[in-house]
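# Remarks on the overall topology
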Amino acid sequence: MVTHHLQKFARSYRPEPTAKRIGDISGKEPIQLTIVLKPHAPVETSPRIMSRADYGKRHGTRQDVIDGVVEYAKSHGLQVDETSPTAHTVKLSGTYAQAQSAFEPESIGIYQINGHDVIARFGHLAVPTQMAEHVVAVMGFDQRVVARPHFRIRPRATTGVSYDPAAIAARYEFPTDLTAANQTIALIELGGGYDPAQMSAYFASKNVRRLGTLEAVPVDGTQNAPQSDPNGPDGEVQLDIQVAGSVAPSANIAVYFSTPQSRGFLDAVSAAVHDTTRSPSVISISWGGPETGWDGQDIDAMDQTFQTAASLGITICAASGDSGATDGDAQGALTVDFPASSPHVLGCGGTRLPRRGAEVAWNDGAQGGATGGGYSTHFNRPDWQSGNSQTGRGVPDVAGVADPVTGYNVAVDGQDTVVGGTSAVAPLWAGLIALCNQSVGKNLGFLNATLYANPKTFTDIVKGNNNGYSCTVGWDPVTGLGSPNGSAILAAIKSSQLVA
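Summary of the structure given here. Computed from a prediction, not measured in an experiment: that's the story for all the values here. Throughout, a residue's number is its position along its own chain's written sequence, starting from 1. Given that the model is predicted, a residue must reach a pLDDT of at least 70 before its local features are reported, and side-chain atom pairs must reach 80 or more before they are shown or counted; all residues, however, enter totals for whole chains, interfaces and linings. Side-chain numbers here rest on the full set of heavy atoms in the structure, without hydrogens or water.

Tallying secondary structure elements over the protein gives 12 helices and 28 strands in all. Relative to its length of 500 residues, the protein is compact, with a C-alpha radius of gyration of 22 Å against a globular reference of 23 Å. Each residue is assigned to one of three classes by its accessible area relative to the maximum for its type, calculated with a 1.4 Å probe on protein chains only: buried under 20%, partly exposed between the two thresholds, exposed over 50%. Counting over 500 residues, the protein shows a buried share of 60%. Contact definition: two residues touch when any of their heavy atoms are within 4.5 Å. For the protein, restricting intrachain contacts to residue pairs at least 6 apart in sequence, the fraction spanning at least 24 positions comes to 78%. Counting only carbon and sulfur atoms, one obtains 48% of the accessible surface of the protein, whose full area is about 18800 Å². Here a helix means four or more residues in a row that DSSP labels H or I, a strand means two or more in a row labelled E, and each is numbered from the N terminus. To get the radius of gyration, use the C-alpha atoms; to get the globule rule, take the number of residues to the power 0.38 and multiply by 2.2 Å. Each accessible area value is a Shrake-Rupley result obtained with a 1.4 Å probe; residue values ignore everything except the protein chains displayed when judging cover.

This is the structure in structure tokens:
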């Protein structure tokens with residue numbers, strides 16, 4: 001038997017003061033792991049879009065690297081379920097005893113955290129020395145939930161105004177001669193589900209002539225599973241479908257279902273990015289969590305996948321969070337939401353949009369909801385982010401209506417309701433980008449630099465705050481560049497190097 005010398009690997013989770021160890025994990029407990037590897041050549045973000053074949057040839061992980069991981073895993077009794085040089089992944093399954101023998105987590109057990117019993121890992125992992133330079137992450141040991149949906153249902157006793165999604169698109173002057181034909185919008189959903197008949201009934205009630213398809217895509221065995229609870233994840237799933245489907249009525253919508261742990265989240269995004277059957281041109285993500293609650297290796301693995309998406313011409317929109325400048329951090333620290341904080345993602349913040357008067361930042365005050373925003377402590381400020389004087393990547397990039405007081409008319413599990421949250425802004429922007437893709441006849445891919453170069457295509461939000469930062473003239477870490485003028489954005493795109 002070959003003896004492998006192991007090397008410590010992976011930044012550990014930040015310790016949780018409320019975590020109480022209550023037991024050990026049975027060695028027979030089943031586990032699924034995703035090993036994320038580095039590309040053969042570094043991936044650079046640029047306006048040039050690569051074909052999948054060219055990406056695989058230039059960046060696909062070397063076969064000898066994958067073979068080495070496979071051999072090592074099998075030597076510890078783990079089963080190899082899937083390998084993908086283009087996705088840079090090796091998927092394994094087995095028992096916790098086998099996985100612990102292979103990757104030696106420093107501390108792992110069953111912990112009580114915030115009233116829930118969960119398998120959690122603290123400290124480092126270890127990989128063979130010859131593998132270390134090729135490994136980005138070993139995901140699957142920790143079963144803590146890292147992402148939550150960013151939607152808020154307006155209480156029935158709360159007065160306000162509300163809009164059909166198509167009316168919001170009209171308010172933001174989305175192009176009216178486009179329907180997003182020949183486009184596919186991917187929705188990443190980490191729980192819940194939808195009833196196709198109820199979705200059809202909703203669109204019919206809003207006089208939306210849906211020409212695109214709606215399809216559920218299971219990832220790692222997670223199915224479309226509606227729970228008949230509008231306050232649960234069904235609310236997120238159905239909000240996303242109804243906003244994207246109303247704004248881009250001819251677009252196909254593919255809903256990728258997975259779990260809210262880091263491995264499930266990554267696998268869902270990777271499945272959408274590398275889906276050669278549906279080939280999404282835009283991905284909308286309405287789930288996330290504080291950067292402080294993520295393992296650094298998991299953030300790096302996710303961001304590598306986002307960078308791959310940009311190279312393949314896929315735009316990713318992500319909600320910036322609904323809990324203001326702390327993003328719900330357990331210690332009340334100022335932090336941003338990931339994945340919106342990735343520099344390869346378009347972070348989408350929230351506003352209040354009255355029927356008359358100025359649009360302002362979303363902040364419900366005593367009700368507790370406010371647009372997420374601030375500065376990343378994981379990612380540096382990108383060169384294209386003009387207006388940001390800090391060293392960290394600023395969030396959000398753009399905004400749109402998110403306040404439930406001026407929210408979206410939707411139907412969740414057949415019940416009409418008004419919903420807000422930055423989770424509505426991500427599919428709204430995804431729909432706009434799908435319209436733009438149709439107009440220019442190609443996928444636009446990474447848009448951030450072009451948007452920052454054209455600030456006059458936005459309505460600058462200059463009033464309001466998110467309980468940590470205040471709106472200013474120009475970009476700010478509350479509402480980003482502002483809310484969109486869709487037709488002006490399309491005109492700016494057409495005159496940019498993106499369509500040269």
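Now that the structure has been shown, we can carry on.
It is worth spelling out the nonpolar core at this point. In terms of nonpolar packing, the biggest core is built from 67 residues, with Cys317, Tyr408, Trp429 and Leu451 touching the most fellow members. Among the elements that take part in this core, helix α10 (residues 422-440) stands out by supplying 12 residues, more than any other. In this structure tryptophan 429 touches Cys317, Leu346, Cys348, Val398, Ala399, Leu451, Phe458, Pro484 and Ile489, once residues within four positions along its chain are discounted. Counting residues in hydrophobic clusters, the runner-up holds 41 residues, among them Val136, Met139, Phe306 and Ala318. The nonpolar core is taken to be a set of buried Ala, Val, Leu, Ile, Met, Phe, Trp, Tyr and Cys residues, with the residues joined through side-chain atoms within 4.5 Å.

Attention now goes to the sheet that holds strand β2 (residues 20-23). Overall, antiparallel pairing links the three strands, which are arranged β2-β6-β7 in an open sheet. Every other strand in the sheet has two partners, leaving β2 and β7 (116-122) as the edge strands with one partner each. In this sheet, adjacent strand axes meet at a mean angle of 50° when their direction is disregarded. One requirement defines pairing of two strands: DSSP has to find at least two bridges between them. Between N-to-C directions, angles span 0 to 180 degrees; the directions come from axes that are lines fitted to C-alpha atoms, helices contributing only their stretch in contact.

For the rest of this paragraph, the subject is the packing of helix α6 (residues 196-205) against helix α7 (residues 233-247). Relative orientation and spacing of two packed helices are given, respectively, by the angle between their axes and the distance between those axes. Here α6 crosses α7 at 45°, and the two axes come no closer than 11 Å. By the angle between their axes, α6 is oblique relative to α7. In this structure, the crossing between α6 and α7 has a hand that is right-handed. Seen from α6, the contacting residues are Gln198, Met199, Tyr202 and Phe203; seen from α7, they are Gln238, Ile241, Gln242, Gly245 and Ser246. Asp, Glu, Lys and Arg are counted as charged, while Ala, Val, Leu, Ile, Met, Phe, Trp, Tyr, Cys and Pro are counted as nonpolar; the rest, among them Gly, fall into the polar class. In terms of residue class, the contact of α6 with α7 is made up of four nonpolar, five polar and no charged. Convention used here: angles under 35 degrees read as roughly parallel, angles over 145 as roughly antiparallel, angles from 65 to 115 as roughly perpendicular, and any remaining angle as oblique. By convention, the crossing between two helices is left-handed when the near helix turns anticlockwise from the far helix through less than a right angle, and right-handed when the turn is clockwise.

What follows deals with the packing of aromatic side chains. Paired rings are identified among Phe, Tyr and Trp, the last through its six-membered ring, by centres lying within 6.5 Å, and are further divided according to the angle between planes into stacked (under 30 degrees), edge-to-face (over 60) and tilted (the rest). Within the structure shown, the criterion is met by 14 aromatic pairs. Relative to tryptophan 475, the ring of tyrosine 375 lies with its centre 6.1 Å away and its plane at 65°, an arrangement referred to as edge-to-face. Within this pair, whereas tyrosine 375 is found in strand β22 (residues 374-380), its partner tryptophan 475 is found in the loop between β27 (458-459) and β28 (483-484), the two being separated by 100 residues in sequence. With respect to burial, tyrosine 375 and tryptophan 475 carry one shared label: buried.

This part covers the sheet that holds strand β11 (residues 152-153). Sheet strands associate in pairs through backbone hydrogen bonding, adopting either a parallel or an antiparallel arrangement. With mixed pairing, four strands are arranged side by side in an open sheet as β11-β26-β25-β12. The sheet is open, and its two edges are formed by β11 and β12 (161-163), each paired on a single side. Across three bridges, β12 lies against strand β25 (residues 406-412) in parallel orientation. In the sheet register, valine 161 faces β25, and the bridge partner there is threonine 406.

Moving on to helix α3 (residues 96-103). All of the buried residues in α3 are Tyr96, Ala99, Ala102 and Phe103. Burial along α3 is one-sided: seen end-on, the buried residues are contained in an arc of 130°. Positive backbone phi, approximately 45°, marks glutamate 104, located one or two places after α3. Note that the arc is defined by the directions from the helix axis to the C-beta atoms.

This part is about the packing of helix α8 (residues 262-273) against helix α9 (residues 296-311). Close contact between α8 and α9 brings their axes to 10 Å; oriented N to C, the two are set at 10°. The orientation of α8 with respect to α9, classified from their angle, is roughly parallel. Contacts from Ser262, Phe265, Leu266, Val269, Ser270 and Val273 in α8 reach Asp298, Ala301, Met302, Thr305, Phe306, Thr308 and Ala309 in α9. Grouping the amino acids of the contact of α8 with α9 by side-chain chemistry returns eight nonpolar, four polar and one charged.

Another point: α10. A helix is expected to reach a length of 1.5 Å times the quantity of its residues less one. For α10, which comprises 19 residues, the first-to-last C-alpha distance of 27 Å matches the rise-based estimate of 27 Å (1.5 Å per residue) to within 8%. With 17 of 19 residues buried, α10 lies mostly within the body of the structure. Phi for glycine 441, located one or two positions after α10, is positive at around 75°.

Attention now goes to the environment of alanine 434. Following the sequence through the fold, alanine 434 ends up in helix α10. Not counting the four nearest positions on each side in its chain, alanine 434 is found in contact with Ala180, Gln183, Ile185, Ala248 and Val282.

The term salt bridge refers to a side-chain nitrogen of Lys or Arg lying within 4 Å of a carboxyl oxygen of Asp or Glu. Within this structure, the stated rule accounts for 15 salt bridges. Residue arginine 121 is joined to aspartate 295 by a salt bridge in which the shortest nitrogen-to-oxygen separation is 2.3 Å. Taken together, the residues arginine 121 in strand β7 and aspartate 295 in the loop between β17 (287-290) and α9 connect sequence positions 174 residues apart. We note a salt bridge from aspartate 275 to arginine 278, for which the minimum N-O separation is 2.6 Å. Assessed through its relative accessible area of 7%, aspartate 275 is described here as buried. Linked through salt bridges whose partners overlap, the residues forming this network are Lys91, Asp220, Arg263 and Asp267.

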